[in-house]
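# Commentary on secondary and tertiary structure
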Amino acid sequence: MKERVRFAPSPTGPLHIGGLRTALFNYLYTKSRNGTFILRIEDTDRNRLVKNSDKYIEKALSWAGIIPDESPSLGGEYGPYMQSERISIYNEKIELLIAADKAYYAFDTDEELGRLRSEKEKKGLVFKYDYSTRCSLDNSLSMNGEDIDTRIKKDSFVIRLKVNSGKTISEDLLRGLVHFDNSVLDDKILVKTDGFPTYHFANIVDDHLMKITTVIRGEEWLPSLPLHGLIHEAFGWEKPNYIHLPLILKPYGKGKLSKRDGAKGGFPIFPLSWEKDEGFKEMGFLSSGMINYLALLGWNPGSDDEFFNLDDLIKLFNIKGLQKGGAKFDFEKAKWINQQHLLRLDFNEFEINFPERVIDLKNKYPSKCAEIFLLVRERLKLAGDFEKEIEFFLKDPADYDQKAINKLRSKNDVEVIIKEIEAVVEKNGVDRLKENLSTLSGNKNINFGSIMQLLRISLVGKLSGPDIVKVSVLIEKSLTLKRLANLKNHIKNNLS
Ligand code: GLU
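A brief look at the structure comes next. (Residues numbered from 1 in each chain as written. Predicted model: local features only at pLDDT ≥ 70, side-chain atom pairs only at ≥ 80, totals over all residues. Heavy atoms only, no water.)

Residue proline 80 is reached from glycine 79 by a cis peptide bond, and omega for that bond is -5°. Tracing the chain through its elements places proline 80 in the loop between α2 (53-64) and α3 (87-99). In this model, glutamate 275 sits at a positive phi of 50°, which is unusual for a non-glycine residue. If you trace the backbone, glutamate 275 turns up in the loop between α8 (259-265) and α9 (280-283). Overall, glutamate 275 belongs to the exposed group, its relative accessible area being 72%. (Helix = DSSP H or I, 4+ residues; strand = E, 2+ residues; numbered from the N terminus. Buried < 20%, exposed > 50% of the residue type's maximum accessible area, 1.4 Å probe, protein only.)

Closest axis-to-axis distance for the helix α18 (residues 414-428)/helix α21 (residues 468-493) pair is 10 Å, and the angle between their directions is 165°. Of the possible angle classes, the one that applies to α18 and α21 is roughly antiparallel. Crossing of α18 against α21: the hand is left-handed. Every residue of α21 that contacts α18 at Val414, Glu415, Ile418, Lys419, Ile421, Glu422, Val425 and Glu426 is listed here: Lys477, Thr480, Leu481, Leu484, Ala485, Leu487, Lys488, Ile491 and Lys492. (Axes fitted to C-alpha atoms, helices over the stretch in contact; angles between N-to-C directions. Parallel < 35°, antiparallel > 145°, perpendicular 65-115°, else oblique. Left-handed = near helix turned anticlockwise from the far one by under 90°. Contact = heavy atoms within 4.5 Å.)

All right, on to the site of the ligand then. Around the ligand, a shell composed of Arg6, Ala8, Pro9, Ser10, Glu42, Tyr199, Asn203, Arg217 and Trp221 is seen. Protein coverage of the free-state accessible area of the ligand, which is 300 Å², stands at 84%. Among the detected pockets, the ligand sits in the largest pocket. The class makeup of the residues in the shell around the ligand is four nonpolar, two polar and three charged. (Near = heavy atom within 4 Å. Areas by Shrake-Rupley, 256 points an atom, 1.4 Å probe, with all protein chains shown as cover. 1 Å grid on protein atoms, 1.4 Å probe; cavity = no way out; pocket = protein on both sides within 12 Å on 5 of 7 lines; lining within 4 Å. Sits in = over half its atoms within 2 Å of the grid points. Nonpolar A, V, L, I, M, F, W, Y, C, P; charged D, E, K, R; others polar.)

Before going further, it helps to examine the sheet that holds strand β1 (residues 4-7). The four strands lie next to each other as β2-β1-β8-β9, forming an open sheet whose pairing is parallel. The open sheet has two edge strands with one neighbour each: β2 (36-39) and β9 (241-245). Direction aside, the axes of adjacent strands within the sheet are offset by 25° on average. Bridge count between β1 and strand β8 (residues 214-218): two bridges; the pairing is parallel. Considered in β8, the bridge of arginine 6 is made with valine 215. Across the sheet, helix α1 (residues 17-32) touches β1, β2, β8 and β9, and the angle it forms with β1 is around 170°. (Pairing = 2+ DSSP bridges.)

Across six bridges, the pairing between strand β5 (residues 167-172) and strand β6 (residues 176-181) is antiparallel. Opposite isoleucine 169, over in β6, you have histidine 179 as the bridge partner. Taking the residues between adjacent antiparallel strands as the criterion, β5 and β6 are bridged by three residues.

Enumeration over the complete set of coordinates arrives at 24 aromatic pairs. These aromatic residues form a ring-pair network of at least three members: Phe267, Phe280, Phe285, Tyr293, Phe329 and Phe331. Arginine 151 extends its terminal NZ or CZ atom over the ring of phenylalanine 107, reaching a point 4.0 Å from the ring centre. Over the ring of phenylalanine 307 we find arginine 344, and its NZ or CZ is 3.6 Å from the ring centre. (Phe/Tyr/Trp six-rings, centres within 6.5 Å; stacked < 30°, edge-to-face > 60°. Lys NZ or Arg CZ within 6 Å of the ring centre and 35° of its normal.)

Time to look at the nonpolar core. Of all hydrophobic cores here, the largest spans 57 residues; its most connected members are Leu28, Leu61, Ile66, Leu322 and Phe329. With eight residues, the single largest contributor to this core is α1. Residues within four places of leucine 322 in sequence aside, it is in contact with Phe25, Leu174, Ile243, Leu245, Gly298, Trp299 and Phe317. Judged by nonpolar contacts, the second largest core, of 52 residues, contains Val414, Ile421, Val469 and Leu479. (Core = buried A, V, L, I, M, F, W, Y, C linked by side-chain atoms within 4.5 Å.)

As a further point, take the sheet that holds strand β3 (residues 103-106). Taken in spatial order, the three strands line up as β3-β4-β7 in an open sheet, and their pairing is antiparallel. A single partner strand is all that each edge strand has here, and the edge strands are β3 and β7 (189-191). In this sheet, adjacent strand axes meet at a mean angle of 45° when their direction is disregarded. Two strands pair when backbone bridges link them, and strand β4 (residues 158-161) and β7 are joined in this way by two bridges, in the antiparallel orientation. Across the sheet, residue isoleucine 159 finds its bridge partner in β7, namely valine 191.

This is the structure in structure tokens:
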């Protein structure tokens, strides 16, 4: 049977990287089996809706290359894919459960339930709306003689699942059988007073009607599994397979990764920017790097390889590689993986991904961008490092590493050396600079390392950076000479 798998986020805010990872595993599982990947937006909790977060979810998935086959914007055979557009379907289905005596109307007010709850609490007990209490509460099962249709017209109500005593056994493909005693469950609300279905009800109805074969979601939904099983059973529907993914944990300490951890550790928590929060994309992650890192968060490819693009992952993905325990988020590792992806780009590809980062370079060096990019590429962990790495191509160094200069001065007459370098550049240009400076070193008995360090400090201001001879070729003879003169002046001015 062809797999049909869905990612079903609630638009209660922007997609978190944990949500993106869930979407990714759904996608990899589906595509590795040639199945259909569905995006369904679960927006029935009207109080928690966050404007535009549904659009954000679609945009973030598309950035990541996780493209659905059916979705709210693409449509599909089993639509609509936005739950708020399916209310008539849920109404029809709940009628079936009521008629079959599997669900019932409940009229208890919030005040009354609150009172019962606090009464129990005072005795150290927990109030539950379940088979042991429902007959003494205000619902269609306890009503004597009164007409239900009349009552539902005049009073507000919810509809609850009638959960009988007994045991529920559910299966998770990763964790095996999960046993639950129904006494821990209550008669969960399926339809709320506003007429909207709860997440649990709409989720099960849609999984059935959309012919979902496998549900892959976060571990936080594992406790809902028995309830979901009971709703399927109430309808007499076959259950899909379930896989609950391990949590993404904080980098340090215990517990689930939260937005606060991002703020503390200096990393984003959303794939794309949201309001004032920078996303991974804006920080300089390639979507391929992000996806590669997220795939390794809770999944093991079965080898020591760590570099994968989306197609590799589709080929390799297997649920045997999924781990049960939580996976710690490691930002340094994420950056390292991103670096491996940046290393495989040429300038054009870099520009396509980060057009705004190359504007100044293109203006100043229209024909040399590709070469300059290759020169600094290995130094980029984030695309955001690019501007810093090419800064000296755009402007003369603003300050110099004085400590390095002092060290050189303690052993050499640096002004003389700079003058000698200038003479070499003046005479021969920058094309065979290394050989010419090596000859200078031999002829005048000047330490070659000191020559190169002074050249480097003059061109980039400090001792680190890319191949300095290549830099001087790219900025050409006249700018090389200008910067050598600048350094000479700087040293003269800072002598006393
Ligand atoms: N709407 C739920 C969420 O936001 C979906 C859970 C599920 O996949 O069943 O996570």
